[in-house]
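Here's the letter readout for the chains.
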Amino acid sequence: MGLLGIPRLADEVDIMMIDNAFKLLSSNDIRIHELAWEDILENIYTRTGLDPSPALIEKFLNGAQDEEGFRHTTCPYASTWSRARAASTRLGVTWRCREYGDLEVHIDDKVLTKCDRKKICKTLKESLRNCWANDLIAKPSQGAAIEVTARHKASSHFLRSGDFTTFADWRFIHKDVSTSYASTETPRGMTPYHNAVVATLQWNQRYMF
């Protein structure tokens, strides 16, 4: 129960897949740029049997399933592009291909171009944080749930032993937090509960992406 501050690895992997694909296709190195585009065009042709037009590239990266060329077809092998395609579908990322060599990534209301190639990861992470926060706020009983969770003896606010955790979590993650927390005196006017909340927030800032 409570917040363990453990990153959601699957989402981080999806972010890196999209970031990697976009950086390859928008690389400033001419040779890498050419090789990346040759590879994705070959991948799409192998999948669809059609000459890859900008519109077809866009459909492929956006995870089209029922469109012409994608219906009842599969890719014989996984690639950087098929992984980015799947990750984009899961995270709700939209690609736009104006012409060969010119790609855009749409994340919420932001449009990222070649000039923004270093902002893909940061923008996606911010988008996910906002999504998670909005989901939590939208829950009708989230305030009461957090209050009850924080006061429960099994909550991560009151980790004193390895109960309710795996060996790896307790031995290598929470031990560091518990040691830091135990060495900090409770400021005057603050209850142990408040101090535990502060410790949890500090943990999230350190380890959440």
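Reading the values: the criteria
- Residues numbered from 1 in each chain as written.
- Predicted model: local features only at pLDDT ≥ 70, side-chain atom pairs only at ≥ 80, totals over all residues.
- Heavy atoms only, no water.
- Pairing = 2+ DSSP bridges.
- Helix = DSSP H or I, 4+ residues; strand = E, 2+ residues; numbered from the N terminus.
- Core = buried A, V, L, I, M, F, W, Y, C linked by side-chain atoms within 4.5 Å.
- Buried < 20%, exposed > 50% of the residue type's maximum accessible area, 1.4 Å probe, protein only.
- Contact = heavy atoms within 4.5 Å.
- Axes fitted to C-alpha atoms, helices over the stretch in contact; angles between N-to-C directions.
- Parallel < 35°, antiparallel > 145°, perpendicular 65-115°, else oblique.
- Nonpolar A, V, L, I, M, F, W, Y, C, P; charged D, E, K, R; others polar.
- Phe/Tyr/Trp six-rings, centres within 6.5 Å; stacked < 30°, edge-to-face > 60°.
- Salt bridge = Lys/Arg side-chain N within 4 Å of Asp/Glu carboxyl O.
- Expected span 1.5 Å × (residues − 1).

*Asks:* I would appreciate a short explanation of the pairing of strand S2 (residues 102-107) in the present structure.
*Replies:* It is a general feature of regular strands that their side chains alternate between the two faces of the sheet. Sheet topology places strand S1 (residues 94-99) next to S2; five bridges connect them, and they run antiparallel. Across the sheet, Thr94 pairs through a bridge with His106, a residue of S2. Pairing of S2 with strand S3 (residues 110-112) involves three bridges; the strand directions are antiparallel. Bridge assignment links Ile107 to a residue of S3, and that residue is Lys110.

*Asks:* Even after reading the chapter, I still don't get the nonpolar core, so can you show me in this structure?
*Replies:* Note that soluble globular proteins tend to have their nonpolar side chains buried in a common cluster. If you look at the biggest cluster of nonpolar residues, it comprises 29 residues, and the most contacted ones within it are Trp95 and Leu103. Counting only elements with at least two residues in this core, the list comes to helix H1 (9-25), helix H2 (30-48), helix H3 (54-61), helix H4 (80-91), S1, S2 and helix H5 (120-138). In terms of residue count, H1 provides more of this core than any other element does, five residues in total. Apart from the residues within four sequence positions on either side, Leu103 is in contact with Phe22, Leu25, Trp37, Leu61, Trp95, Arg96, Cys97, Leu112, Thr113 and Lys114.

*Asks:* Even after reading the chapter, I still don't get the packing of H2 against H3, so can you show me in this structure?
*Replies:* What describes two packed helices is the angle between their axes and the distance between those same axes. Contact geometry for H2 and H3: axes closest at 11 Å, N-to-C directions at 80 degrees. Between H2 and H3, the angle falls in the class roughly perpendicular. When H2 is examined against H3, the residues Trp37, Ile40, Leu41, Asn43, Ile44 and Thr48 are found in contact with a partner set consisting of Leu56, Ile57, Phe60 and Leu61. Classifying every residue of the contact of H2 with H3 gives eight nonpolar, two polar and no charged.

*Asks:* Would you mind showing me how to read the packing of aromatic side chains here?
*Replies:* Each aromatic ring pair is specified by the distance between its two centres and by the angle formed by the two planes. Considering all chains together, one arrives at one aromatic pair under this definition. Arranged with centres 6.1 Å apart and planes meeting at 50 degrees, the rings of Phe22 and Trp95 form a pair that is tilted. Highlighted residues: Phe22 in helix H1 and Trp95 in strand S1, separated in sequence by 73 residues. A residue is classified by how much of its surface remains accessible, and Trp95, at 0% relative accessible area, is buried.

*Asks:* Whenever I open this one, the pattern of salt bridges confuses me. Can you help?
*Replies:* Oppositely charged side chains can form a pair if their charged atoms are brought close together. Here the structure, examined in full by the defined rule, presents six salt bridges. Residue Arg90 pairs with Asp14 through a salt bridge whose shortest N-O separation is 2.7 Å. Within this pair, whereas Arg90 is found in helix H4, its partner Asp14 is found in helix H1, the two being separated by 76 residues in sequence. The exposed category is assigned to Arg90, whose relative accessible area is 55%. Judged by its relative accessible area of 5%, Asp14 falls in the buried class. Residue Glu58 is joined to Arg96 by a salt bridge in which the shortest nitrogen-to-oxygen separation is 3.6 Å. Separated by 38 residues along the polypeptide, Glu58 in helix H3 and Arg96 in strand S1 bring together distant segments of the chain. Taking relative accessible area as the criterion, Arg96 reaches 27% and is therefore assigned partly exposed.

*Asks:* So what exactly am I meant to see when it comes to the sheet that holds S1 here?
*Replies:* Pairing between sheet strands relies on hydrogen bonds along the backbone, with the strands arranged either parallel or antiparallel. A sheet is described by the order of its strands in space; here three strands give the open sequence S1-S2-S3, paired in antiparallel fashion. Strands with a single pairing partner mark the edges of an open sheet, and in this sheet they are S1 and S3. Taking each pair of neighbouring strands and ignoring which way they run, the sheet shows an average axis angle of 25 degrees.

*Asks:* In this structure, what is going on with unusual backbone geometry? I would like to understand it.
*Replies:* Outside of glycine, negative phi angles account for most residues, and trans bonds account for most peptide bonds. Non-glycine residue Asp108 carries a positive phi angle of around 55 degrees. The topology assignment puts Asp108 in the loop between S2 and S3. Residue class for Asp108 comes out exposed when judged on its relative accessible area of 60%.

*Asks:* When you look at the side chain of Arg85 in this model, what are you seeing that I'm missing?
*Replies:* Here Arg85 shows up in helix H4. On the accessibility criterion, Arg85 (7% relative accessible area) is buried. Setting aside anything within four residues of it in sequence, one finds Arg85 in contact with Arg47, Lys59, Phe60, Leu61, Gly63, Ala64, Gln65 and Phe70.

*Asks:* Would you mind showing me how to read H5 here?
*Replies:* Since one α-helical turn is 3.6 residues long, residues separated by three or four positions face the same way. Its 19 residues give H5 an end-to-end C-alpha distance of 27 Å, which sits within 8% of 27 Å, the value for a rise of 1.5 Å per residue. Every buried residue of H5 is listed here: Ile120, Cys121, Thr123, Leu124, Lys125, Ser127 and Leu128. Packing partners of the buried residues in H5 comprise H1, H4, S2 and S3.

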